[in-house]
Amino acid sequence: MSERIPILRIGDTLIVSVQFDLEDQTVLNLQEDLADQIVARSATGVIIDIGALEIVDSFVGRMLATVASISRVLDARTVVVGMRPAVAITLVELGLSLGGVSTALDLEKGLAKLNRAASSGLQ
Amino acid sequence: MTAPWTAGEEPRVYPIARSGDLVHIRQAIRTLSQECRLSLVDQTKMITAASELARNTLIYGGGGTVRAGTVSRGGKRGVAAIFEDSGPGIPDVEQAMTDGWTSGGGLGLGLSGARRLVDDFDLNTVPGEGTVVTIIKWVR
Ligand SMILES: Nc1ncnc2c1ncn2[C@@H]1O[C@H](COP(=O)(O)OP(=O)(O)OP(=O)(O)O)[C@@H](O)[C@H]1O
Ligand SMILES: [Mg+2]
């Protein structure tokens, strides 16, 4: 009965939009599904849109960091987009710096970031 | 620390028995924080702290309850939550409150981070008997 968040694909990019507060098991499912899908669909980029999330605690924060690491190992890049300012302030005070996680203000800027990374990778 | 509950507004008790309960607790704290008119950032901090502590109650305390409601003191209003379990307790509180220390597979940020996110933080634990953590966020 554990829920799964749909993962969309556009070209080489996987896009996940988290629309509601997630149970821990759903967070873990998403982490696994993304790892599987990066390989299954030969994705080079992952965008996780958390613009709808009112809070990100250490559990979700750790998932974002883990997905970023997993994707790096699988030769893909992850960009987290849409983090609310209050969430960013809270995460820093909580002590979660998300150092290895690439971010962008919105989906469009996130896609641009992935495209820039892809074209510089070709040179 | 006993929370100075607002007269006439009984705190509500929520179970912490399974991971789905964390979603309900975050929602309840959010509603209280909005009723109290905490700023958006303070709401976010209070909900996040509550989420961390509720997960600790579930994972380390073996489940328990949280009592949540509004508090008043000296003309100020705020939101309080008291997390209680009858689990193993915390043998070394100073160590548990250290950033990065975890006995499990966590990041060790829950307790220390929650303390930074709220205004009042009180941890009462007796090895073998359980743990009670009280947090309050006051309206500025
Ligand atoms: N209610 C509790 N009962 C017993 N031990 C607890 C309780 N809450 C916390 N602890 C102990 O304190 C340690 C630190 O807790 P803290 O929340 O800071 O980190 P964590 O839960 O291990 O990781 P994180 O919260 O960052 O995922 C825990 O690893 C656990 O050993
Ligand atoms: Mg914790």
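Residues numbered from 1 in each chain as written. Chains lettered and ligands numbered in written order. Predicted model: local features only at pLDDT ≥ 70, side-chain atom pairs only at ≥ 80, totals over all residues. Heavy atoms only, no water.

Per an unreviewed UniProt entry, chain A goes by the name Anti-sigma factor antagonist and belongs to Streptomyces xanthochromogenes.

S.K.: Summarise the overall build of chain A; cite the residues concerned and give the values.
M.R.: When helices and strands are counted, chain A shows four helices and five strands. Starting at the N terminus and walking to the C terminus, you meet the elements of chain A as β-β-α-β-α-β-α-β-α. Relative to its length of 123 residues, chain A is compact, with a C-alpha radius of gyration of 14 Å against a globular reference of 14 Å. Considered along the principal axes of its C-alpha atoms, chain A spans approximately 40 × 35 × 25 Å. Accessible surface, chain A: about 6,200 Å² in total, of which carbon and sulfur atoms supply 54%. Looking at charge distribution, chain A has the averaged site of its 10 positive side-chain charges lying 9 Å from that of its 15 negative ones. (Helix = DSSP H or I, 4+ residues; strand = E, 2+ residues; numbered from the N terminus. Rg over C-alpha atoms; globule rule 2.2 N^0.38 Å. Areas by Shrake-Rupley, 256 points an atom, 1.4 Å probe, with all protein chains shown as cover. Lys, Arg positive; Asp, Glu negative; His and termini not counted. Charge placed at Lys NZ, Arg CZ, Asp CG, Glu CD.)

S.K.: Provide a residue-level description of the UniProt feature "domain: STAS" (unreviewed entry) in chain A, including the pertinent values.
M.R.: In the numbering used here, UniProt assigns the "domain: STAS" (unreviewed entry) feature to residues 3–114 of chain A. In this annotation, residues 3–114 of chain A is assigned 46% helix and 19% strand; the end-to-end C-alpha distance for the span is 28 Å. (UniProt positions renumbered as here; feature names shortened; annotations may be inferred.)

S.K.: Outline the site of ligand 1, listing residues and values.
M.R.: What surrounds ligand 1 is a group of 20 residues, the closest being N56(B), Y60(B), T102(B), S103(B) and L109(B). Ligand 1 sits at the junction of chains A and B, each of which supplies nearby residues. Between ligand 1 and Y60(B) there is a distance of 2.8 Å, counted from an oxygen atom to a side-chain nitrogen or oxygen. In the model, an oxygen atom of ligand 1 is placed 2.5 Å from a nitrogen or oxygen of the S103(B) side chain. For ligand 1, whose free accessible area comes to 600 Å², the fraction covered by protein is 93%. Across the shell around ligand 1, the residue classes break down as seven nonpolar, 11 polar and two charged. (Near = heavy atom within 4 Å. Polar contact = N/O pair within 3.5 Å; in protein donor to acceptor, adjacent residues only side chain to side chain. Nonpolar A, V, L, I, M, F, W, Y, C, P; charged D, E, K, R; others polar.)

S.K.: Can you break down the environment of E93(A) residue by residue, with the values?
M.R.: On the secondary structure map, E93(A) appears in helix α3 (residues 85–94). Not counting residues within four places of it along the chain, the set of residues in contact with E93(A) comprises K45(B), R116(B) and L117(B). A distance of 3.0 Å separates a polar atom in the side chain of E93(A) from a polar atom in the side chain of K45(B). (Contact = heavy atoms within 4.5 Å.)

S.K.: Residue-level account of the pattern of salt bridges, with values.
M.R.: When their charged atoms lie close together, side chains carrying opposite charge are able to pair. In the structure shown here, the tally under the stated rule is 17 salt bridges over all chains. A salt bridge links K109(A) to D106(A), with the shortest nitrogen-to-oxygen separation between them at 3.7 Å. For K109(A), a relative accessible area of 47% corresponds to the partly exposed category. R140(B) is the salt-bridge partner of D42(B), the closest N and O atoms lying 3.1 Å from each other. Here R140(B) lies in the segment after β5 (130–138) and D42(B) lies in helix α2 (residues 40–59), a separation of 98 residues in the sequence. On the accessibility criterion, D42(B) (5% relative accessible area) is buried. (Salt bridge = Lys/Arg side-chain N within 4 Å of Asp/Glu carboxyl O. Buried < 20%, exposed > 50% of the residue type's maximum accessible area, 1.4 Å probe, protein only.)

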